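# A structural walkthrough
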Amino acid sequence: MRVRRSTNLMTEPPATATGDIAFNLIVFFLVCASASPDSGRRQNVPRSEQTPEQQAKAQHVEVNLTRTTIAINGEATLPRDVAPRLRMLLMDKTRPEDRVVVVKSRPEVPYHHWIATTAAIEQAGGIVTIQREEERVVQIGS
Amino acid sequence: MKIKRKTFKADVPAMAMGDIAFNLLIFFVILAQANDDSFLKWQPARAMEVEPAGYARVSVLIDAEDKLYLNGRQVGVAMLASQISNLLEDRPPGERTVLLKVHREAQAMYYEPVIEAISEAGGDLVHVLDKLNEE
């Protein structure tokens, strides 16, 4: 007579732990998703304090921004032409202080427009400096 | 004759200990993110070339309503430079990163003073942007 060996050694994982495992997985992936690292662009903005002597000597390239337009040294320029034009203007300037590009923005200029323009300036080798519009006191006569 | 009462042994299931420890760990890791500003509403601007921003002690955010936040706390622009200086202390260059998160439609009158304040405080400015995919 043949004796059948009992080889049924399979053990099932306890079903009660399934909920815990699922919950832990959800929490783990939620934390991973919320902790995604930021990406961006470094920008070195020099302080805009200048002595009157420096101001008199330096003739920097000036970029004027309105809500939708860009002007380099007063000349309207298309966004795609900003980098090539600035590259031409900065071509013979070797010292970092000569490569300063003064960005003057109207108060309503949106951030995405500003970022795109300053990216083009840096691409052309310029160093971005902000010049804000000076506050003017307007007296209304009686 | 004394009848002995039946005693029932009640054990805490040891199997759940690992799960409990893991959940506690995650809970405290989330709490430790002191400068969390993930609850604020803003959309980053896009740029072609972006790089990982790395770790920063200071994060400045201008949200969709043009409100200014420093490490998740609403602040005024007038005191921003001194507050950033306090947070950066005397850290060497390279450890003075300040993340600037500006809503893409925010106007220059809001973000330019902030950029100036970061520059004045001696922070290494990093604009937080989304990568623009070429199509």
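## As for the packing of helix H2 (residues 80-88) of chain B against helix H3 (residues 108-120) of chain B
Residues and elements named next belong to chain B.
- Interhelical geometry of H2 versus H3 gives an angle of 40° and a closest axis separation of 8 Å. Considering their axes alone, H2 and H3 lie oblique with respect to each other. In the packing of H2 onto H3, the handedness of the crossing is right-handed. Residues Leu80, Ala81 and Ile84 of H2 form the contact with H3, whose own contacting residues are Val114, Ala117, Ile118 and Glu120.

## Considering a nonpolar patch on the surface
- Together, B:Met17, B:Ile20, B:Leu24, B:Phe27, B:Phe28 and B:Leu31 make up an exposed nonpolar region whose accessible area comes to about 620 Å².
- Within the secondary structure, B:Ile20 is located in helix H1 (residues 17-32).

## Focus: the interface of chain B and chain A
- Taken residue by residue, the interface counts 41 residues in chain B and 32 residues in chain A.
- Roughly 3200 Å² of surface becomes buried between chain B and chain A when both sides are summed, with 53% attributable to carbon and sulfur atoms.
- Contact with chain A buries surface across chain B, with B:Glu112, B:Glu116 and B:His127 losing the most and accounting together for 17% of the total.
- For the pair chain B and chain A, the number of links is 1 salt bridge.
- For the salt bridge of B:Glu51 with A:Arg42, the shortest nitrogen-to-oxygen distance reads 4.0 Å.
- If you look at where chain B meets chain A, you find 14 residue pairs in polar contact (both at pLDDT 80 or more).
- Looking at the side of chain B that touches chain A, the elements that each hand over two or more residues are H1, strand S2 (51-52), strand S6 (97-102), H3 and strand S7 (124-128) of chain B.
- The dominant element in the side of chain B that touches chain A, judged by the number of residues it contributes, is H3(B), at 9 residues.
- Split into classes, the residues belonging to the side of chain B that touches chain A amount to 21 nonpolar, 9 polar and 11 charged.

## Regarding unusual backbone geometry
Residues and elements named next belong to chain B.
- Of note, the phi angle at Asp66 is positive, near 60°, even though the residue is not glycine.
- Overall, Asp66 belongs to the partly exposed group, its relative accessible area being 29%.
- Here the phi dihedral of Glu89 falls at roughly 50°; this positive angle occurs in a residue that is not glycine.
- Examined against the element boundaries, Glu89 turns out to sit in the loop between H2 and S6.
- Exposure remark for Glu89: the relative accessible area of 47% places this residue in the partly exposed category.

## Some words on helix H4 (residues 111-123) of chain A
All names here are of chain A.
- For H4, spanning 13 residues, the distance from its first C-alpha to its last is 18 Å, which sits close to the expected 18 Å at 1.5 Å a residue.
- Of all the positions in H4, only Tyr111, His113, Trp114, Ile115, Thr117, Thr118, Ala120 and Ile121 are classed as buried.
- Where H4 ends, the next residue or the one after it, Gly125, has phi of about 95°, a positive value.

## Focus: the sheet that holds strand S4 (residues 75-77) of chain A
All names here are of chain A.
- In space, the 5 strands of this open sheet follow the order S4-S3-S2-S5-S6, with mixed pairing throughout. In this open sheet, the two edge strands, each paired with only one partner strand, are S4 and strand S6 (127-130). If you compare each strand with its neighbour and ignore which way they point, the axes differ by 30° on average.
- With 3 bridges connecting them, strand S3 (residues 70-72) and S4 associate as antiparallel partners.

## Regarding the packing of helix H3 (residues 82-89) of chain A against H4(A)
All names here are of chain A.
- For the pair H3 and H4, the least separation of the axes is 8 Å and the interaxial angle reads 40°. With respect to H4, the axis of H3 lies oblique. Taken as a pair, H3 and H4 cross one another with a handedness that is right-handed. On H4, the residues touching Val82, Ala83, Leu86 and Arg87 of H3 are Ala120, Ile121 and Gln123.

Parameters and conventions
Residues numbered from 1 in each chain as written. Chains lettered and ligands numbered in written order. Predicted model: local features only at pLDDT ≥ 70, side-chain atom pairs only at ≥ 80, totals over all residues. Heavy atoms only, no water. Axes fitted to C-alpha atoms, helices over the stretch in contact; angles between N-to-C directions. Helix = DSSP H or I, 4+ residues; strand = E, 2+ residues; numbered from the N terminus. Parallel < 35°, antiparallel > 145°, perpendicular 65-115°, else oblique. Left-handed = near helix turned anticlockwise from the far one by under 90°. Contact = heavy atoms within 4.5 Å. Patch = residues over 30% accessible without salt bridge, like charges linked within 9 Å, V, L, I, M, F, W, Y side chains within 5 Å. Areas by Shrake-Rupley, 256 points an atom, 1.4 Å probe, with all protein chains shown as cover. Salt bridge = Lys/Arg side-chain N within 4 Å of Asp/Glu carboxyl O. Buried area = accessible area lost by both parts, 1.4 Å probe. Polar contact = N/O pair within 3.5 Å; in protein donor to acceptor, adjacent residues only side chain to side chain. Nonpolar A, V, L, I, M, F, W, Y, C, P; charged D, E, K, R; others polar. Buried < 20%, exposed > 50% of the residue type's maximum accessible area, 1.4 Å probe, protein only. Expected span 1.5 Å × (residues − 1). Pairing = 2+ DSSP bridges.

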